[in-house]
Amino acid sequence: MILTKRLATSRIVRSIAALVAATVALIALPASAQTEAVWKPETFRLSNGMTAVVLPDHRAPVVTHMLWYRVGSADEVAGKSGLAHFLEHLMFKATDKIPAGEFSKIVARNGGQDNAATSFDYTVYHFRIAKDRLPQMMRMEADRMVHLKLDEAEVIPELNVVREERRQNVESSPAAELDEKVYAELYAGHPYAIPIIGHMDELAKLSRDDAVDWYRTWYGPENAILVVAGDMTAAELKPLAEQIYGAVPRRGDLKVRKWPRVRPLAKSVEISHADPKVSQASWSRYWLGVAMGDPDAEALQVGMEILGGGRVSRLYRELNEQGQAVMSMGYSMEMEGRGYAAISATPAPGVAIEGIEAAAMDVTTRFLREGPTTEELKRAKDMIAASAIFARDNQMSMAEWYGERLTAGQTLEHIEGWDERIRAVTAADVVRVLNKYLAGVNHVDALLVPEAPR
Amino acid sequence: MRRLAGSVLALALAGCATQAPVAVIGASRSSLADVQVVTSPGGITAWLVSESFVPMISMEWTWQGGASVEPPEMRGIGWVLAYMMNEGAGDMDTSAYGARMEDLNMKFACGVWADWTNCGMTTLKETADESFDMVRLAFSDLRFDDEPFGRAKREMIVGLQDDETNPKAVASKAMNAALISGHPYATVATEATVSAIQKADARKLMAQLMTKDRLKVVVVGDIAAEELKPKLDEVFGSLPATSVLPVVPDAQARPPLAEPVVKELPQPQTLILFSGPGVRREDPDFYAAYVLNYILGGGAFSSRLTDEIREKRGLTYGIGTGLSIQPHFWRWTGSSSTMNDKADEVVTLIRENIARLGREGPTTDELADAKAFITGAFPLAFDSNTKIAQNLIGFLQDGMPADYVERRNSYFQAVTLDDVKRVAATYMKPENFTFVMVGKPVR
């Protein structure tokens with residue numbers, strides 16, 4: 001099952017379709033032997049240290065251009081929560097060459113769409129546009145990499161936009177409010193405990209100077225990765241990229257990311273969040289999982305797929321089909337610092353929340369003991385491999401898949417070896433890894449419960 | 001803010017060569033989608049785009065007729081029927097059918113919407129034969145086993161309970177109640193109507209909705225016309241030739257309300273919905289209205305409402321408008337969210353901007369920008385098999401010919417400043433818009 005719990009917040013709400021496409025990329029992976037030739041990514045490095053990757057797809061005369069910066073909300077300092085995302089919004093304001101408020105309008109006038117997103121781990125800016133307009137867009141992207149101009153008169157309204165974004169996406173959503181509490185416990189002592197969009201009281205105090213500081217500290221070619229998917233080849237892109245991005249001088253003094261390690265939970269915790277807008281109680285359990293690129297990542301993904309990935313998963317068959325739940329799932333999420341694994345269930349009408357927890361854990365415990373059947377293992381691996389093929393249908397999914405991993409420090413070789421690593425997962429691997437992360441390990445339980453309106 | 005986007009909105013992207021061409025790199029495909037019209041020996045017609053880049057096949061199909069023909073005492077039956085379509089067929093019960101779908105790496109699901117019944121299937125080329133056969137089985141020998149049938153009703157009832165506190169659902173219900181209460185578009189399922197649904201009713205609805213004469217099919221992917229033809233007969237051969245559908249009347253909107261309808265929900269923000277008279281898809285002014293809408297609130301970061309309410313004043317994270325062109329009710333709609341004590345101010349700003357656009361009309365530059373985006377971004381909707389299939393289904397539902405993809409931009413290019421000014425003068429009248437607020441607006 002797919003969740004958008006990765007928590008990137010976008011400059012504007014993306015369409016449902018785009019969200020689905022983006023989440024497909026989360027579970028999907030690249031490179032099966034059959035189509036490797038056409039999807040073979042090409043890569044090169046510019047003289048100023050910027051890395052570029054091209055994912056060719058010549059079906060339509062269209063490209064998806066994504067510029068990834070290796071900086072996210074987890075790089076913020078205490079008291080400045082929300083700054084990474086705020087600067088993301090401000091990157092659309094002005095430079096010496098681009099008048100205030102014109103950035104996105106120029107993109108649109110050229111038939112393009114633009115947006116950006118911030119996560120714990122990265123900040124990414126993208127265009128989707130007809131191929132022949134790409135050079136002009138690249139010039140604008142290169143321009144705002146080092147020449148952003150921030151006027152106080154634009155900074156304040158934008159801060160209010162971000163505060164409305166928080167009201168809309170977090171404070172009007174009981175599930176999102178609960179998520180913030182879960183992260184605060186699961187990642188206590190680590191920056192993942194702080195919401196990407198920021199705490200409201202800290203957001204209110206962010207200033208133009210904070211934004212300028214952030215920009216100077218983190219933005220520059222040596223901290224950026226370019227991913228272009230679509231009607232493009234490395235031979236075509238390289239001279240353009242060298243001319244446009246290669247001309248941007250290195251900052252030379254950019255900060256290097258340093259995070260504390262994610263610490264194991266000192267004890268298990270239960271969080272209950274009551275809200276009059278909740279009509280049906282639900283229960284979730286979170287365990288710390290793997291960092292992106294961890295050798296256990298593939299076995300954990302396969303195991304969670306069998307436990308809770310779809311309608312033939314153990315949780316679905318034993319909870320939904322027996323009438324105990326109306327929703328149940330299990331999944332794992334990889335992040336650069338450390339991800340998590342989770343299961344959740346919403347009880348059917350008349351079933352108590354305590355009952356659903358016991359039932360879900362009963363299924364899980366049995367699975368940890370028995371391991372997958374040969375059939376389950378094969379099906380899960382086939383499905384994950386197929387999802388990689390389906391993901392190829394979408395430029396944006398592909399660019400996100402590669403960009404997210406490259407930004408987390410993985411090599412192209414490692415990213416492309418994913419398919420083989422999934423294939424190599426054995427039943428014994430699944431049992432070992434699931435027991436390592438889920439059995440007898442402290443966890444966070446999250447309860448979302450109805451509350452009578454006051 | 002695409003959440004109000006209708007099928008047309010999704011298609012209407014933008015921007016032709018109003019700017020001097022920049023350096024052109026490489027060559028590109030001449031057509032966005034090379035649509036072949038394929039007819040099977042049994043007389044089933046499909047639009048096919050053969051494309052082998054990804055070894056997959058997507059099929060989307062649709063029938064005119066949907067939830068608005070449901071018997072009022074069984075509202076929700078369309079949703080339940082759609083749920084059952086992949087819950088077991090032939091000798092496979094729900095577990096076996098679900099496992100088989102996963103083994104074949106196929107996705108297959110249906111949805112019953114107000115006016116259309118839609119299904120989609122995506123599969124890998126290597127399992128295509130077996131996947132088509134699974135769909136055939138669903139349409140020729142669908143099971144209605146007790147367990148999934150009960151589960152469907154249970155899930156729907158829980159969903160209806162969630163809707164009670166979901167701001168968008170609350171707002172949309174309130175708007176319908178204010179404008180067209182009594183019309184099928186405005187009647188909603190309840191626990192009682194869902195509980196009343198019997199299997200025989202669902203089977204009857206299936207025979208009513210899913211017939212050969214109203215079927216429209218799109219296939220995109222790694223399959224040739226000659227391979228597809230026999231599949232069409234296999235999959236759809238057992239459907240009834242035709243059926244009688246109840247006539248759904250056009251909705252007649254009540255007079256607009258001077259004051260917003262307020263629905264209280266405990267949250268720090270107020271969701272604002274607004275709705276005024278719009279145009280039908282068949283209206284000659286549709287294209288001009290579409291362009292005008294981009295200028296008012298259709299452009300993501302390039303619209304008057306976004307400029308005035310988000311960019312200049314920071315009052316919202318998003319504001320957008322769209323043309324809602326349901327066959328029996330066509331409206332100009334929009335939405336935004338703002339903190340509770342700014343709700344009135346945002347409504348006033350929306351009304352003022354509608355009024356100004358109506359009074360003055362758009363500028364020459366705004367018209368050029370809108371046309372540039374709407375025509376120039378059109379190819380972005382054709383860069384994946386899945387998107388091509390969904391867009392072509394939209395064209396079929398709109399009654400467009402197979403070469404519409406080639407002609408569509410010319411209709412937008414033909415829109416003149418006089419056209420958009422005339423449409424603006426007709427529709428941009430704030431007094432004709434009804435507003436709904438959901439939250440705790442301070443008034």
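Residues numbered from 1 in each chain as written. Chains lettered and ligands numbered in written order. Predicted model: local features only at pLDDT ≥ 70, side-chain atom pairs only at ≥ 80, totals over all residues.

**Q** Is there a simple way to think about the overall build of chain B in this case?
**A** Secondary structure assignment for chain B yields 16 helices and 11 strands. For 443 residues, the compact-globule estimate of 2.2 N^0.38 gives 22 Å, and chain B sits close to it at 23 Å. Taking the principal axes of the C-alpha coordinates as reference, chain B spans close to 65 × 60 × 35 Å. Going through the 443 residues of chain B one by one, you find that 53% of them count as buried. Sequence separation of 24 or more characterises 83% of the internal contacts of chain B that already satisfy a separation of 6 or more. (Helix = DSSP H or I, 4+ residues; strand = E, 2+ residues; numbered from the N terminus. Rg over C-alpha atoms; globule rule 2.2 N^0.38 Å. Buried ≥ 20, exposed ≤ 12 C-beta atoms within 10 Å, placed from the backbone. Contact = placed C-beta atoms within 7 Å.)

**Q** Hey, could you run me through the nonpolar core in this one?
**A** Across soluble globular proteins, you tend to see nonpolar side chains buried next to one another. The biggest cluster of nonpolar side chains holds 269 residues, and the ones touching the most others in it are Leu226(A), Val227(A), Val80(B), Val218(B), Val219(B), Val291(B) and Leu392(B). Here this core takes 10 residues from helix H10 (residues 286–298) of chain B, the largest share from any one element. Discounting residues that sit within four places of it in the chain, Val227(A) has contacts with Val53(A), Met66(A), Trp68(A), Ala399(A), Tyr402(A) and Gly403(A). (Core = buried A, V, L, I, M, F, W, Y, C linked by C-beta atoms within 7 Å.)

**Q** Would you explain the interface of chain B and chain A in this entry?
**A** By a widespread convention, an interface's size corresponds to the accessible area lost as its parts come together. Between chain B and chain A, the contact holds 73 residues from the first and 66 residues from the second. With 8 residues, the single largest contributor to the side of chain B that touches chain A is helix H5 (residues 146–163) of chain B. Grouping the amino acids of the side of chain B that touches chain A by side-chain chemistry returns 31 nonpolar, 24 polar and 18 charged. (Nonpolar A, V, L, I, M, F, W, Y, C, P; charged D, E, K, R; others polar.)

**Q** I keep staring at the pairing of strand E6 (residues 215–221) of chain B and nothing clicks. Help me out?
**A** On any regular strand, side chains alternate: one points to one face of the sheet, the next to the other face. All names here are of chain B. Most of E6 sits inside the fold, with 6 of its 7 residues counted as buried. Sheet topology places strand E2 (residues 45–50) next to E6; 5 bridges connect them, and they run parallel. In the strand pairing of E6, alanine 46 is matched with valine 217. Alignment of strand E3 (residues 56–64) against E6, held across 7 bridges, turns out to be antiparallel. Paired with tryptophan 63 across the strands is leucine 215, a residue of E6. (Pairing = 2+ DSSP bridges.)

**Q** Quick question: what am I supposed to make of the domain arrangement of chain A here?
**A** Residue and element names in this part refer to chain A. Segmenting chain A into domains produces domain 1 (31–244) and domain 2 (269–450). Measuring from the centre of the C-alpha atoms in domain 1 to the corresponding centre in domain 2 gives 28 Å. The partner domain 2 presents 32 residues to the 32 residues of domain 1 that form the contact. Of all the secondary structure elements, the ones that give two or more residues to the side of domain 1 that touches domain 2 are strand E3 (51–56), strand E4 (62–69), helix H7 (174–186) and strand E7 (224–230). If you tally residues by element for the side of domain 1 that touches domain 2, the top one is H7, at 8 residues. Tallied by class, residues from the side of domain 1 that touches domain 2 come to 20 nonpolar, 6 polar and 6 charged. (Domains from an automatic or database assignment.)

**Q** Can you help me understand the domain arrangement of chain B in this one?
**A** Residues and elements named next belong to chain B. Under the domain assignment, chain B is made up of domain 1 (2–15 + 250–439) and domain 2 (36–236). Relative to domain 2, the C-alpha centre of domain 1 lies at a distance of 29 Å. If you look at the interface, domain 1 gives 28 residues, while domain 2 gives 29 residues. Put simply, the parts of the chain that give the side of domain 1 that touches domain 2 at least two residues each are strand E7 (261–264), strand E8 (269–277), helix H14 (385–397) and strand E11 (434–439). For the side of domain 1 that touches domain 2, the leading source of residues is H14, giving 9 residues.

**Q** It is not clear to me how the sheet that holds strand E8 (residues 269–275) of chain A should be interpreted in this structure. Could you clarify?
**A** Whenever strands of a sheet pair, they do so through backbone hydrogen bonds, lying parallel or antiparallel. Residue and element names in this part refer to chain A. Read across the sheet, 5 strands follow the order E8-E12-E9-E11-E10 without closing on themselves; strand pairing throughout is mixed. Whereas interior strands pair on both sides, the edge strands pair on one side only; in this sheet they are E8 and strand E10 (325–333). Strand after strand, the sheet turns through a mean of 15° between neighbouring axes, direction not considered. Relative to strand E12 (residues 444–450), strand E9 (residues 282–288) is paired through 5 bridges, and the arrangement is antiparallel. By the bridge assignment, tyrosine 286 is partnered in E12 with valine 444. (Axes fitted to C-alpha atoms, helices over the stretch in contact; angles between N-to-C directions.)

**Q** Got a minute to help me understand helix H3 (residues 94–103) of chain B in this structure?
**A** Since there are 3.6 residues in each turn of an α-helix, residues three or four apart along the chain are aligned in direction. Those residues of H3(B) that fall on the buried side of the exposure criterion are Thr94(B), Tyr97(B), Gly98(B), Met101(B) and Glu102(B). Viewed along the axis of H3(B), the buried residues span an arc of 135°, placing them on a single side of the element. Those residues of H3(B) hidden inside the fold are in contact with helix H14 (374–391) of chain A together with strand E4 (107–112), helix H4 (128–140) and H5 of chain B. Positive backbone phi, approximately 55°, marks Asn105(B), located one or two places after H3(B). (Arc of directions from axis to C-beta.)

**Q** Explain the confidence of the model for chain A to me, please; I cannot follow it from the model alone.
**A** A low pLDDT means the predicted coordinates there should not be read in detail. All names here are of chain A. Averaged over chain A, the pLDDT score is 90; the fraction of residues at 70 or greater is 91%. The model gives residues 1–10 a pLDDT under 50, and that stretch makes 31 contacts with residues more than four places away or in other chains. A low-confidence stretch, residues 12–38 stays under pLDDT 50, and its non-local contacts, those more than four residues away or across chains, total 64 contacts. (pLDDT = per-residue confidence, 0-100.)

**Q** Teacher, can you tell me more about the sheet that holds E11(B) here?
**A** Strand order in this open sheet of 5 strands is E7-E11-E8-E10-E9 (chain B), and the pairing throughout is mixed. The open sheet has two edge strands, E7 and strand E9 (319–326) of chain B, and neither has a second partner. Looking at each pair of strands side by side, their axes are set apart by 20° on average, direction ignored. Two elements, E9(B) and strand E10 (residues 329–339) of chain B, share 8 bridges in a ladder whose sense is antiparallel. Among the inter-strand pairings, Thr321(B) is bridged to a residue of E10(B), identified as Gly334(B). Across the face of the sheet, helix H6 (residues 152–171) of chain A comes into contact with E8 and E10 of chain B while running at roughly 110° to E10(B).

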